Amino acid sequence: KESGRHQIRAFDVALRDRATGRARALLDLRRALIDEEFELVYQPQVSAGTGVVVGFEALLRWNHPTSGLVSPGDFISVAEETGLIVPIGAGVLRAACTAATSWPEDIRVAVNVSQVQLRSSRYVESVRQTLEEVNLAPERLEIEVTESLVIDDADRDVLVQLSALGIAIAMDDFGTGFSSVASLSRLPLDRLKIDRAFVAPLDADPASSRFAVLRAVIAIAKSLGLDTVAEGVETERQRAMVTECGCDVIQGYLEGVPIRAAEIPAYLHRHPGARAGEV
Ligand code: C2E
Ligand code: MG
Ligand code: MG
Ligand code: MG
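Analysis parameters
Residues numbered from 1 in each chain as written. Chains lettered and ligands numbered in written order. Predicted model: local features only at pLDDT ≥ 70, side-chain atom pairs only at ≥ 80, totals over all residues. Heavy atoms only, no water. Donors = N, O, S within 2.8 Å, 3.2 Å for Na, K, Ca; no water. Buried < 20%, exposed > 50% of the residue type's maximum accessible area, 1.4 Å probe, protein only. Core = buried A, V, L, I, M, F, W, Y, C linked by side-chain atoms within 4.5 Å. Helix = DSSP H or I, 4+ residues; strand = E, 2+ residues; numbered from the N terminus. Contact = heavy atoms within 4.5 Å. Axes fitted to C-alpha atoms, helices over the stretch in contact; angles between N-to-C directions. Parallel < 35°, antiparallel > 145°, perpendicular 65-115°, else oblique. Left-handed = near helix turned anticlockwise from the far one by under 90°. Nonpolar A, V, L, I, M, F, W, Y, C, P; charged D, E, K, R; others polar.

If you look the protein up in an unreviewed UniProt entry, it shows as Bifunctional diguanylate cyclase/phosphodiesterase from Rhodococcus baikonurensis.

Caption draft 1: Here's a closer look at the coordination of the magnesium ion (ligand 2). For the magnesium ion (ligand 2), every protein donor is listed as E57 (OE), N112 (OD1), E144 (OE) and D172 (OD), and the spread of their distances is 2.0 to 2.2 Å. N112 gets classed as partly exposed once you look at its relative accessible area, which sits at 31%.

Caption draft 2: Structural view of the coordination of the magnesium ion (ligand 3). Summarising the metal site, the magnesium ion (ligand 3) is bound by the protein donors D172 (OD), D173 (OD) and E231 (OE), whose distances to it range over 1.8 to 2.5 Å. Motif for the magnesium ion (ligand 3), donor spacing along one chain: D-D-x57-E. Between the magnesium ion (ligand 3) and the magnesium ion (ligand 2), the interatomic distance is 3.7 Å, and D172 donates to each metal, bridging them. The partly exposed category is assigned to D173, whose relative accessible area is 21%.

Caption draft 3: Fine view of the nonpolar core. Counting residues in hydrophobic clusters, the biggest one holds 72 residues, and the most contacted among them are Y42, L141 and L162. Per-element accounting of this core gives the leading share, eight residues, to helix 3 (residues 85-100). If sequence neighbours within four positions are ignored, L162 has contacts with L118, Y123, V124, V127, I143, I167 and I169.

Caption draft 4: Structural detail: the packing of helix 9 (residues 208-223) against helix 10 (residues 236-244). Helix 10 packs onto helix 9 with a crossing angle of 45° between their chain directions and a minimal axis gap of 9 Å. Considered as vectors, helix 9 and helix 10 are oriented oblique to each other. Every pair of crossing elements has a handedness; the one defined by helix 9 and helix 10 is right-handed. Contact residues: helix 9 offers F211, L214, R215 and I218, while helix 10 offers M241, V242 and E244. Of the residues in the contact of helix 9 with helix 10, the class split is five nonpolar, no polar and two charged.

Caption draft 5: Main features of the environment of L214. Looking at where L214 falls in the secondary structure, it is placed in helix 9. A relative accessible area of 2% places L214 in the buried class. Distance from L214 to M241, taken between C-alpha atoms, is 9.3 Å for residues 27 residues apart in sequence. Aside from chain neighbours lying at most four places away, what touches L214 is I194, F198, L202, V242 and C245.

Caption draft 6: Region of interest: unusual backbone geometry. The residue R122 is not glycine, and still its phi comes out positive at about 55°. With respect to the helices and strands, the residue R122 is situated in the loop between helix 4 (115-118) and helix 5 (123-134). Overall, the relative accessible area of 60% leaves R122 in the exposed class. Of note in this structure, D173 is not a glycine but carries a positive phi near 55°. In this fold, D173 is placed in strand 6 (residues 168-174).

Printed below as a string of structure tokens:
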């Protein structure tokens, strides 16, 4: 009984500390929004066959005054739980679309969107308005929704409305979450982003079974009329194998790490089009 009570006390302390941690994180995020500590970096997406740049994915970074550069994995969930992801995400969309207006017209911008944003009031209207204000054609925007979420009928309706505006919809992190092939076919998708978890093992020897799985996933995507993007391609071998499997687009450190908007013109200058010898 003694120790039982002791355990409860320890548990209380842990809970309280966690609550204080959350509260502090919330204040910190709120301040960050006001002080404009968020920044976007952009990772290139290139055509597997030709090496031509087809898009950039906007990835959020937090320049924290004392912690330095903080990755989204460390703050997105708090931002979602507190609803702060809605104003943060609105800023991300505006900044990413504004950046894209200065890129060549055949290059898209992909923006990650949280389910909390999809479910916020008048979301579709706010996206439409942002595109209009910054003067970006809807066809140049791609919205990424993550597959680790259960997408219900209301979410689906929002995606249908975004798609009707001309915005492309990508299913992110495919293979890590809940979606079945049946659920994929009921969503208005343009692209499937195959999670890094499928790509990384291709370097293992022998990779043949992994290769077969990847090939099957890409075949399913094709049969649904979807483009495929391989995430997390880090080596030449991985690039060769995903290309061999019929993957359309490659994104990963091999083709480029995320860079600042100001560095994009120089990146495009170094990657003018078809890779040498592959024209
Ligand atoms: P994601 O959308 O799947 O983005 C890809 C992540 O993989 C990025 O991490 C990217 O830096 C990393 N990555 C890219 N290429 C490679 C590679 O070759 N190897 C390895 N090991 N990693 C690679 P990051 O930027 O830390 O973002 C993590 C996640 O945070 C994103 O995963 C996305 O789900 C979320 N996120 C990022 N920006 C936003 C945002 O603006 N809004 C929302 N709601 N979520 C965001
Ligand atoms: Mg993404
Ligand atoms: Mg992803
Ligand atoms: Mg991923």
